[in-house]
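Close look at the chain arrangement
One letter stands for each residue in the lines below.
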Amino acid sequence: MKFERKKKEIQLSEANIIDYKSNVDYFKYTDNPSEAKELLKLEHQVIFCSGKIQELREKRWEALMKMRVILKKDGTFSEVMSLIGISKDMIYDINNREKIYSKCEVDRKEIAKLPARVVQKLAQDKTLDKDTLERIIKSEEPKEEYKIIKEKKEEEEEVEIVDDEIIARRSILLDKIMWHEEQIKILKKEYDNL
């Protein structure tokens, strides 16, 4: 079974940029007004393309997930993905995003926006509960939010380890005290019998 890939050009139009206002004063960077206008036009194009890229990523993920559901039944998903040019890394990314989606009630579009490394870490981390996972996904900086949560958990684990070590040490000392008390009782009996 062979698949042919059809190339399709995507037409970009400036009409889709609604009331975009630049934060950059290009006249600071060039004395030529036509260059400043060109820079502003190029900035609009960059912003528009960035939005399209994100939208297309979301649509691609959605389509791949639907394909995964259909092809999972007979185990041909990976084979078909390689035939259409989807790498194993992309397949792992798809699977990781689906794991995250199944763990929490977040819109797929939110998960599609996450960077691949963050997705991989979130999918592998078994310690995250549903609420924490949702908080990370919905944050402005998911990578930083995950890092903060991880550091906090590590600090708590260190405290627990220290507490566990103290409890273990106390237990050992209590055993020694009880052993010595028993020895003292034996010695007292022996002393009283003399």
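Residues numbered from 1 in each chain as written. Predicted model: local features only at pLDDT ≥ 70, side-chain atom pairs only at ≥ 80, totals over all residues. Heavy atoms only, no water.

Below, the discussion takes up the overall build of the chain. Within the chain, the regular secondary structure consists of seven helices and zero strands. For the chain, the α and β elements follow one another from N to C terminus as α-α-α-α-α-α-α. Looking at the chain as a whole, 24% of its 194 residues are labelled buried. Carbon and sulfur atoms form 53% of the exposed surface of the chain, whose accessible area is close to 16000 Å². (Helix = DSSP H or I, 4+ residues; strand = E, 2+ residues; numbered from the N terminus. Buried < 20%, exposed > 50% of the residue type's maximum accessible area, 1.4 Å probe, protein only. Areas by Shrake-Rupley, 256 points an atom, 1.4 Å probe, with all protein chains shown as cover.)

The next thing to look at is the side chain of Asn96. Its place among the elements puts Asn96 in helix α3 (residues 88–103). When neighbours within four sequence positions are excluded, Asn96 is seen to be in contact with Val119, Gln120 and Ala123. (Contact = heavy atoms within 4.5 Å.)

Okay, the nonpolar core next. The biggest cluster of nonpolar side chains holds 27 residues, and the ones touching the most others in it are Ile100, Leu122 and Ile137. Among the elements of the structure, α1 (33–72), α2 (77–83), α3, α4 (108–112), α5 (116–124), α6 (130–138) and α7 (142–193) are those that each provide at least two residues to this core. Look past the residues within four positions of Ile100 in its chain and what remains in contact with it is Ile111, Val119, Leu122, Ala123, Leu133 and Ile137. (Core = buried A, V, L, I, M, F, W, Y, C linked by side-chain atoms within 4.5 Å.)

Applying the stated rule across the entire model yields five salt bridges. The salt bridge involving Glu55 is made with Lys52; its shortest N-O contact spans 3.8 Å. Of the two residues, Glu55 and Lys52 both sit in helix α1, three residues apart, roughly one turn of that helix. We note a salt bridge from Glu145 to Arg135, for which the minimum N-O separation is 3.1 Å. Of this pair, Glu145 sits in helix α7 while Arg135 sits in helix α6, and the two are ten residues apart along the sequence. For Arg135, a relative accessible area of 47% translates into the label partly exposed. (Salt bridge = Lys/Arg side-chain N within 4 Å of Asp/Glu carboxyl O.)

Running from N to C, α1 and α3 cross one another at 85 degrees; their axes reach a closest spacing of 11 Å. Taken together, the axis directions place α1 and α3 in an arrangement best described as roughly perpendicular. Two secondary-structure elements touch here, α1 through Arg60, Trp61, Leu64, Met65 and Arg68 and α3 through Met90, Ile94, Asn95, Arg97 and Glu98. Here the contact of α1 with α3 is built from residues that sort into five nonpolar, one polar and four charged. (Axes fitted to C-alpha atoms, helices over the stretch in contact; angles between N-to-C directions. Parallel < 35°, antiparallel > 145°, perpendicular 65-115°, else oblique. Nonpolar A, V, L, I, M, F, W, Y, C, P; charged D, E, K, R; others polar.)

The next point concerns a positive patch on the surface. On the surface, a cluster of positive charge is contributed by Arg117, Lys121, Lys143 and Lys147. Counting residues per element, the ones that place at least two in the positive patch are α5 and α7. Counting through the fold element by element, Lys143 comes out in helix α7. (Patch = residues over 30% accessible without salt bridge, like charges linked within 9 Å, V, L, I, M, F, W, Y side chains within 5 Å. Lys, Arg positive; Asp, Glu negative; His and termini not counted. Charge placed at Lys NZ, Arg CZ, Asp CG, Glu CD.)

A word on a nonpolar patch on the surface. Residues Leu174, Ile177 and Met178 make up a contiguous nonpolar surface patch of about 290 Å² in total accessible area. Following the sequence through the fold, Ile177 ends up in helix α7. On the accessibility criterion, Ile177 (46% relative accessible area) is partly exposed.

This part takes up the confidence of the model for the chain. When the pLDDT values of the chain are averaged, the result is 80; 87% of them are 70 or greater. Per-element averaging of pLDDT across the chain places α4 at the bottom with 81 and α5 at the top with 88. Contacts for the low-pLDDT stretch residues 1–18, under 50 throughout, to residues beyond four places or in other chains number 16 contacts. (pLDDT = per-residue confidence, 0-100.)

In this model α3 runs 23 Å from its N-terminal to its C-terminal C-alpha over 16 residues, within 8% of the 22 Å that 1.5 Å per residue would give. Those residues of α3 that fall on the buried side of the exposure criterion are Met90, Ile91, Asp93, Ile94, Asn96, Arg97, Glu98 and Ile100. Where α3 is buried, its residues touch α1, α2, α4, α5 and α6. (Expected span 1.5 Å × (residues − 1).)

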